[in-house]
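# Understanding the architecture of this molecule
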Number of protein chains: 2
Amino acid sequence: MFTYRYPHPAVTADCVVFGLDEACPPTVPDPGSRRGSDTDARELTVLLIQRDLDPYAGAWALPGGFIRLDEDLDAAARRELEEETGVRDLYLEQLAAFGAPDRDPRERVITIAYLAIVNLFEHPVAAATDARNAGWFALDELPRLAFDHELILETALARLRSKHREEPIAFEFLPAKFTLRQVQSLYEAIQGERVDKRNFRKKLLATGVIIPLDEVEMDVAHRAAQLHRFDRERYEALRDEGYRWNA
Amino acid sequence: MFTYRYPHPAVTADCVVFGLDEACPPTVPDPGSRRGSDTDARELTVLLIQRDLDPYAGAWALPGGFIRLDEDLDAAARRELEEETGVRDLYLEQLAAFGAPDRDPRERVITIAYLAIVNLFEHPVAAATDARNAGWFALDELPRLAFDHELILETALARLRSKHREEPIAFEFLPAKFTLRQVQSLYEAIQGERVDKRNFRKKLLATGVIIPLDEVEMDVAHRAAQLHRFDRERYEALRDEGYRWNA
DNA sequence: GCAAAAGTGTTTATGATACACCCATGC
DNA sequence: GCATGGGTGTATCATAAACACTTTTGC
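Residues numbered from 1 in each chain as written. Chains lettered and ligands numbered in written order. Predicted model: local features only at pLDDT ≥ 70, side-chain atom pairs only at ≥ 80, totals over all residues. Heavy atoms only, no water.

### Some details on the packing of helix H4 (residues 180-191) of chain A against helix H5 (residues 197-206) of chain A
Residue and element names in this part refer to chain A. We apply this condition: The angle between two axes is taken between their N-to-C directions and runs from 0 to 180 degrees, where each axis is a line fitted to C-alpha atoms and a helix contributes only its stretch in contact. Only DSSP runs of H or I reaching four residues or more are called helices, and only runs of E reaching two or more are called strands; each is numbered from the N terminus. Note that the term roughly parallel is reserved for angles under 35 degrees, roughly antiparallel for angles over 145, roughly perpendicular for angles of 65 to 115, and oblique for everything else. Should any heavy atoms of two residues lie within 4.5 Å, those residues are considered in contact. Charged residues are taken to be Asp, Glu, Lys and Arg, nonpolar residues to be Ala, Val, Leu, Ile, Met, Phe, Trp, Tyr, Cys and Pro, and polar residues to be all remaining types, Gly included.
At a minimum axis separation of 11 Å, H4 and H5 run at an interaxial angle of 105°. Taken together, the axes of H4 and H5 lie roughly perpendicular to each other. Seen from H4, the contacting residues are Leu180, Val183, Gln184 and Tyr187; seen from H5, they are Lys197, Phe200, Arg201, Leu204 and Leu205. Of the residues assigned to the contact of H4 with H5, the class counts are six nonpolar, one polar and two charged.

Following this line, the structure appears as structure tokens:
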């Protein structure tokens, strides 16, 4: 038992983990798969877990849990995420604290929410997740969520969109070598609107941080696209000189 | 005494309150004041309190304190701010949670930090603050701060600048009726660089949300400037249609 | 040869920047 | 009348937007 002179709230770290579905237009062979790829509309997805225990037993919720007293907030977020879903090594940034007094029926619980992005191309094992009771949901097919997790998720989505306009966060979703088409589909998935291919490519290449490689994608049923990489060092150098990414 | 089955951290809400110095080029008479106003360089300032108690007794710190168990996070921030400084009725938004395990020597303390802006034109009484031990500091004349409050302050300043580029947050510092010169000085104070007067005014008026009034400022020792107001409703309507403020 | 997606340029419109002088007022 | 800040316009440049066809590859 732990005793204090003043009342203390419980504090959790919860994660809103975004991924992309249709995650396998592979840069490595993938024989036998029969993706029609007639449409390349990718979709943002979110990682949820199904709760075992009350409150909200059986309901879906954001992965997360109580922080330990000797642990940093983001370490707690990563630890809980891995324990509950098996997902690790991903982009993670703090989103906001949620602390309405009655948001948990058990006791006062303050949640530090994190926004995370998992690269399902390079961690395909994560796509399934280790956990029986975890799953990916498209944003327009979400189940009802426990606690105020719908509010947290909406906040995370708004932040993802806003952040995406100001920083090249899109590449967190993509493999190290990607096609411009993938970038464009991702932009369209995040912003929810289509863009002109020629203008998009022109602007992207004009930044100078997207480097064309002497390689093309493999095993596609049509002309193979050239691969590119994101030059993060160069981007950060430019940014520190005052350059502003704008998508 | 309060007892729990698992350890709980303490949680505080602390505020980084920004203001503007040289706060009295008045829209109402101010006889007897002898402001040279030879320069109109305004400066961002921050509201700090001097701690009575250990740890860090005597050091300056951000105003704030422990949240109550039945109180919303932002309500706690407002309450503590008013208790400690007398400042109320101000713009307030959540900044981030700070929770390094050893940031407070007493026990594990997680701080939900808030970014606040006080309008010293319309709440001039707040300029002094009710509290003996509170004071405004220019950003380049800060004392050493308690805990990790320097980190929090830096984070707040970065957020203020970034937010200022994306939303018309500047008007939180200004009175309902302001001159374009005031807006420009404020922009320069926040962004730390000078801008061209003609281009600035052109762009500001082109937004359609800055409305010229049939009034001029009073009691200035030179030609009086026209007053304007910010049409917040119109701004919000435009924004909801997809318009993006950009400073 | 056909289906599917890759790749490519020009024109136009819009917004950003650079730049200097006269005006109104208080003293 | 002079000092102080208020107020104004145009030309240039850079970026964004609109727009459609040819090429490559696998089947």
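Having put the structure on the table, let's press on.
### Things to note about the interface of chain B and chain A
Stated precisely, the cut-off is as follows: Here the quantity called buried area is the total loss of accessible area, with a 1.4 Å probe, experienced by two parts when brought into contact, counted for both. Between Lys or Arg on one side and Asp or Glu on the other, a salt bridge is scored when a side-chain nitrogen of the former is within 4 Å of a carboxyl oxygen of the latter. Strands are treated as partners if at least two bridges between them are detected by DSSP.
The interface of chain B with chain A comprises 32 residues on the first partner and 32 residues on the second. The junction of chain B with chain A conceals about 2,800 Å² of combined surface from both sides, 59% of it contributed by carbon and sulfur atoms. When the buried surface of chain B facing chain A is broken down by residue, Phe2, His8 and Leu69 of chain B rank first, second and third, together holding 21% of it. Where chain B meets chain A, there are zero salt bridges. Counting residues per element, the ones that place at least two in the side of chain B that touches chain A are strand E1 (2-4), strand E2 (10-20), strand E6 (91-98), strand E7 (109-117) and helix H3 (149-166) of chain B. Residue contributions to the side of chain B that touches chain A peak at four residues, all from E6 of chain B. The residue makeup of the side of chain B that touches chain A, split by class, is 18 nonpolar, four polar and 10 charged. Here strand E1 (residues 2-4) of chain A pairs with E1 of chain B via three bridges, running antiparallel. Across the sheet, tyrosine 4 of chain A pairs through a bridge with phenylalanine 2 of chain B, a residue of E1 of chain B.

### Examining the pattern of salt bridges
Pairs can form between side chains of opposite charge once their charged atoms are near each other. Residues and elements named next belong to chain A. The test is simple: Remark: exposure states derive from per-residue accessible area (1.4 Å probe, protein chains only) relative to the maximum for the residue type, with buried under 20%, exposed over 50%, and partly exposed in between.
Enumeration according to the criterion identifies 34 salt bridges over all chains in this entry. A salt bridge links glutamate 71 to arginine 79, with the shortest nitrogen-to-oxygen separation between them at 2.6 Å. On the basis of relative accessibility, which here comes to 10%, the residue glutamate 71 falls in the buried class. Using a relative accessible area of 14% as the deciding quantity, one classes arginine 79 as buried. Here glutamate 93 makes a salt bridge to lysine 163, at a shortest N to O gap of 2.8 Å. Pair noted here: glutamate 93 is in strand E6 (residues 91-98) and lysine 163 is in helix H3 (residues 149-166), with a separation of 70 residues, a long-range link. Taking the relative accessible area as the measure of exposure, glutamate 93 reaches 13% and is therefore buried. Here the salt bridges do not stand alone but share partners, grouping Glu93, Arg159, Lys163, Glu167, Arg239 and Asp240 into one network.

So yeah, pure geometry; function would need other evidence.
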